[in-house]
Amino acid sequence: MFSPEPAGFLLVALLVGLYVRAVRILGRRGYRVPRGQQVAWYVGVGLIALGLLGPLDALADSLLTAHMAQHLVIADLAAPFLLAGMRTPVLFFILPRPLLVKLARRRRLRTAFRFVRRPLVALPIFVVILYTWHLAFAFQAALEHGWVHALQHESFVIGGVLVWWPAIEPTRRPMPGELWKAGYILGARTLSMFLAMAFIVSRHPAYSWYADRGRTHGLTPLSDQQIAGGLMLSVDIIVMMAALTFFFWRAAAEADRRVRAERAAPVAG
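Because the structure is predicted, anything quoted here is derived from the model rather than measured.

1. A word on the pattern of salt bridges
- The full count for this structure, using the stated rule, is four salt bridges.
- Its salt-bridge partner being Arg172, residue Glu169 comes within 3.1 Å of it at the nearest N-O pair.
- A residue is classified by how much of its surface remains accessible, and Glu169, at 15% relative accessible area, is buried.
- Between Arg189 and Asp236 there is a salt bridge, with its nearest N and O atoms 2.7 Å apart. Remark: Asp236 occurs in helix H12 (residues 221-268) and Arg189 occurs in helix H10 (residues 180-201); sequence separation between them is 47 residues. Like Asp236, Arg189 is buried.
- Among the charged side chains, a network of salt bridges with common partners joins Asp76, Arg189 and Asp236.

2. Considerations on the side chain of Asp224
- On the secondary structure map, Asp224 appears in helix H12.
- Taking relative accessible area as the criterion, Asp224 reaches 3% and is therefore assigned buried.
- Setting aside anything within four residues of it in sequence, one finds Asp224 in contact with Ser62, Leu63, Leu64, Thr65, Tyr210 and Leu219.

3. Considerations on the packing of aromatic side chains
- Following the criterion strictly, the structure yields eight aromatic pairs and no others.
- Aromatic side chains Phe113 and Trp165 sit 5.1 Å apart centroid to centroid with 85° between the ring planes, which places their arrangement in the edge-to-face category. Here the residue Phe113 occupies a position in helix H6 (residues 107-116), and Trp165 occupies one in helix H9 (residues 146-168), the gap between them amounting to 52 residues.
- Take Phe113: its relative accessible area is 33%, and that puts it in the partly exposed class.
- Ring plane angle 50° and centroid distance 6.1 Å describe the contact between Phe199 and Tyr207, whose orientation is recorded as tilted.
- Taking relative accessible area as the criterion, Phe199 reaches 4% and is therefore assigned buried.

4. Here we look at empty space enclosed by the protein
- Following the criterion strictly, the structure yields three cavities of 30 Å³ or more and no others.
- The volume enclosed by the largest cavity comes to roughly 110 Å³.
- Elements with a minimum of two residues in the lining of the largest cavity: helix H4 (64-85), helix H7 (119-133), H9 and H10.
- Here the element with the most residues in the lining of the largest cavity is H4; it accounts for five residues.
- Taken together, the residues of the lining of the largest cavity sort by class into eight nonpolar, six polar and two charged.

About the criteria used
Residues numbered from 1 in each chain as written. Predicted model: local features only at pLDDT ≥ 70, side-chain atom pairs only at ≥ 80, totals over all residues. Heavy atoms only, no water. Salt bridge = Lys/Arg side-chain N within 4 Å of Asp/Glu carboxyl O. Buried < 20%, exposed > 50% of the residue type's maximum accessible area, 1.4 Å probe, protein only. Helix = DSSP H or I, 4+ residues; strand = E, 2+ residues; numbered from the N terminus. Contact = heavy atoms within 4.5 Å. Phe/Tyr/Trp six-rings, centres within 6.5 Å; stacked < 30°, edge-to-face > 60°. 1 Å grid on protein atoms, 1.4 Å probe; cavity = no way out; pocket = protein on both sides within 12 Å on 5 of 7 lines; lining within 4 Å. Points joined across faces, edges and corners; volume = space filled by probe spheres on them. Nonpolar A, V, L, I, M, F, W, Y, C, P; charged D, E, K, R; others polar.

Here it is, written out as structure tokens:
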């Protein structure tokens, strides 16, 4: 069962079109975007399509588990792939030149963006977005009003992009593998895990929207909520382990390259 939302189709088509255009422009200038980088972008777009156009969207009104999975897919999982896919020089060609020039001329906007993507700024913004939208009044409003729901999704995606930006660093072609990034992502996911645990240990449904639906798809409102929390917790753990493995591997690889370069330097001289 799929939910063909026009806005979702438009977003996915726009993301694909902008990327294809950027890759072609760079190709004409003699730069071939690495295949792995392109795959990363399309994986991210595919995750957004899965969350917005697939069965999760159709089930989100009746199952908190599906709604939670939708948020995890379009924000927590899609964001790092999109950032890896738009790594420079693609980043500077992803938008049409007139729009890019107009944005570049706005000094205050550039300054604000540099500020919010700092690790110690991006992380609190991510946490505020995450916790605020899961408060009962905000979550309930998103379920009752389509435009609020759209704003919620946009906020989660923005929060996901901001919190991953310092770790992925799309403005730098080779991503440095500093070990602090592993701790940074670990801290972000730990803060998310507290919210997941609240859903798991709660003895009462957090949202009346789902509580009023009684037994849906064989689940009670409370069991549905606990499964949603367990899903959130599982994704946090998976992301933490993946980030730790990746950044330790990157750091070790860079250390090996430096050692080989130092050993080769006297020979070259």
